[in-house]
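This is what each chain is made of:
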Amino acid sequence: MRFSFVVSAGLGYRIPDLFETEASFEEFRSALKLLKRHGFSGLEVNLATTEEKTLARIAKIIQGEGLQLVAVGTGLLYLKRRYSFTDRNAARRRRAIASVSRLIAFASQHDAVVIIGLIRGGTSVSSSSGLLSRALVECDRIASEHGVRLALEAINRYETARLNTAAEVASIIRDDKLRSTGMLLDSFHMNIEEASIEGTIREFHEMISHFHIADSNRLAPGRGHLDVEGQLRLLKELGYRGWASAEILPKPDNASAVVDTASFLRKRGFLSQP
Ligand SMILES: [Mn+2]
């Protein structure tokens, strides 16, 4: 198991205007330098843009800093642009799928997974679950054409009305025969939805294609009351070989979030000295 850190306009190392202003590209570069210095080898971004030129520029910075892009999040397409797989408006559904498709092509150049999170839509249930299935089947087909894995995230009920638990994610993957789609488990969401976090990891570990770590309050591990160490030991014991990304609130600030996460992981032998 290897460790990465989210850099985005929202969670993780937060740059509010990320990839929207000139200055934000320089700040992005500084963020990567800090991650590298603290021993992280991977990075996860959440993208609201699918513009070729911007994606190429992002890739160049990541490469220049010697980090690996391990996951591309798509939730900002929903949060910033209101694109969703379950929108009643067909044009917006098309735009959601087309945008994810472009990010799948981008991810394929980096061996990164593409996260399917809030792009499924938020807490209002205004459409049939058929729309969600149709979009997932199409994205799964596009992903398989590109040799990319999708990571379908179980997200808590306060953020979305659909696929809140690992069991629900597992069912849709099986029922819709999604061959390029795995599961994304997130400590923070599991703590809200699952009867047992360890039990969930044990039951579904073979389907996990990406993992998010955070403590109970979504701060760095060790700053809340979850046994994040136990979760990581269990993943390791079960042979999980993917990435675990810190997706945490940058409190009190970005640098402390990185330093606290790195020192938690290093003290417990998960991260080696940089
Ligand atoms: Mn997450």
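Our subject is the structure that appears above.
The model shown is predicted, which means the values in this text are computed figures rather than measured ones.

Caption draft 1: Just the overall build of the chain, in detail. From N to C terminus, the chain includes ten helices and nine strands. Scaling as 2.2 N^0.38, a compact globule of 274 residues should have a C-alpha radius of gyration of about 19 Å, and the chain matches this with 17 Å. Taking the intrachain contacts of the chain between residues at least 6 apart in sequence as the baseline, contacts between residues at least 24 apart amount to 77%.

Caption draft 2: Quick peek at the nonpolar core. Core analysis: the largest hydrophobic core is formed by 89 residues, its most contacted members being L43, V72 and V114. When neighbours within four sequence positions are excluded, V114 is seen to be in contact with V72, T74, V100, L103, I104, A107, A143, V148 and L150.

Caption draft 3: Geometry of helix α8 (residues 197-204). Buried within α8 we find I197, T200 and I201. Around the axis of α8, the buried residues are gathered within 100° of arc, so they sit on the same side. At its buried positions, α8 is contacted by α6 (166-175), β7 (181-186), α7 (187-193) and α9 (228-237).

Caption draft 4: Here's a closer look at the pairing of strand β4 (residues 68-73). Most of β4 is tucked away, with five of its six residues classed as buried. Across five bridges, the pairing between strand β3 (residues 42-46) and β4 is parallel. Within β4, the residue paired with V45 across the bridge is V72. A crossover connection joins β3 to the parallel β4 through helix α2 (residues 52-64); in handedness this β-α-β unit is right-handed. As paired strands, β4 and strand β5 (residues 113-116) are joined by three bridges and run parallel to one another. Following the sheet pairing, V72 is matched in β5 by V114.

Caption draft 5: Fine view of unusual backbone geometry. The peptide bond linking K251 to P252 adopts the cis configuration, its omega dihedral lying at 0°. Tracing the backbone shows P252 in the loop between β9 (243-246) and α10 (254-267). The backbone phi angle of L163 is positive, close to 55°, even though this residue is not glycine. Examined against the element boundaries, L163 turns out to sit in the loop between β6 (150-153) and α6.

Caption draft 6: Focus on the environment of G222. Checked against the element boundaries, G222 lands in the loop between β8 (208-213) and α9. What makes G222 partly exposed here is the crowd of 16 C-beta atoms within 10 Å. Put simply, G222 and T261 are 39 residues apart on the chain and 8.1 Å apart in space, counted from C-alpha to C-alpha.

Caption draft 7: Structural context of the packing of α8 against α9. Interhelical geometry of α8 versus α9 gives an angle of 15° and a closest axis separation of 10 Å. Relative to α9, the element α8 lies roughly parallel. Helix-helix and strand crossings are classified by hand; for α8 and α9 the assignment is right-handed. In this structure, α8 contributes I197, E198, I201 and R202 to the contact, and α9 contributes G230, Q231, L234 and L235. Broken down by class, the residue content of the contact of α8 with α9 amounts to four nonpolar, two polar and two charged.

Caption draft 8: The arrangement of α9 in detail. Where α9 is concerned, the buried positions are V228, Q231, L232 and L235. Taken around the axis of α9, the buried residues stretch over an arc of 95°, which confines them to a single face. Residues of α9 that are exposed and angled more than 90 degrees away from the buried face: G230 and E237. Looking at the packing, one finds that the buried side of α9 touches α7, α8, β8 and β9.

Caption draft 9: How the structure looks around the pairing of β8. The element β8 is largely enclosed, with a buried count of six among its six residues. Bridging between β7 and β8 involves four bridges; their strand directions are parallel. Each residue of the ladder has a partner; that of L184, found in β8, is H210. Here β8 runs beside β9; their pairing, made up of three bridges, is parallel. Bridge pairing links F211 to A244 in β9. Remark: the β8/α9/β9 crossover connection has right-handed handedness.

Caption draft 10: Looking closely at the packing of helix α4 (residues 90-108) against helix α5 (residues 129-146). Where α4 contacts α5, the two axes come as close as 10 Å, and the packing angle between them is 25°. Compared by their axis directions, α4 and α5 come out roughly parallel. Considering the relative orientation of α4 and α5, their crossing is right-handed. Along its contact with α4, which presents R93, A96, I97, V100, S101, I104, A105 and S108, the element α5 presents L131, A135, E138, C139, I142, A143 and H146. Residues belonging to the contact of α4 with α5 are distributed by class as follows: ten nonpolar, three polar and two charged.

Calculation notes
Residues numbered from 1 in each chain as written. Predicted model: local features only at pLDDT ≥ 70, side-chain atom pairs only at ≥ 80, totals over all residues. Helix = DSSP H or I, 4+ residues; strand = E, 2+ residues; numbered from the N terminus. Rg over C-alpha atoms; globule rule 2.2 N^0.38 Å. Contact = placed C-beta atoms within 7 Å. Core = buried A, V, L, I, M, F, W, Y, C linked by C-beta atoms within 7 Å. Buried ≥ 20, exposed ≤ 12 C-beta atoms within 10 Å, placed from the backbone. Arc of directions from axis to C-beta. Pairing = 2+ DSSP bridges. Right-handed = clockwise from strand over helix to strand, strands pointing away. Axes fitted to C-alpha atoms, helices over the stretch in contact; angles between N-to-C directions. Parallel < 35°, antiparallel > 145°, perpendicular 65-115°, else oblique. Left-handed = near helix turned anticlockwise from the far one by under 90°. Nonpolar A, V, L, I, M, F, W, Y, C, P; charged D, E, K, R; others polar.

These results come straight from atomic positions and should not be treated as a statement about function.
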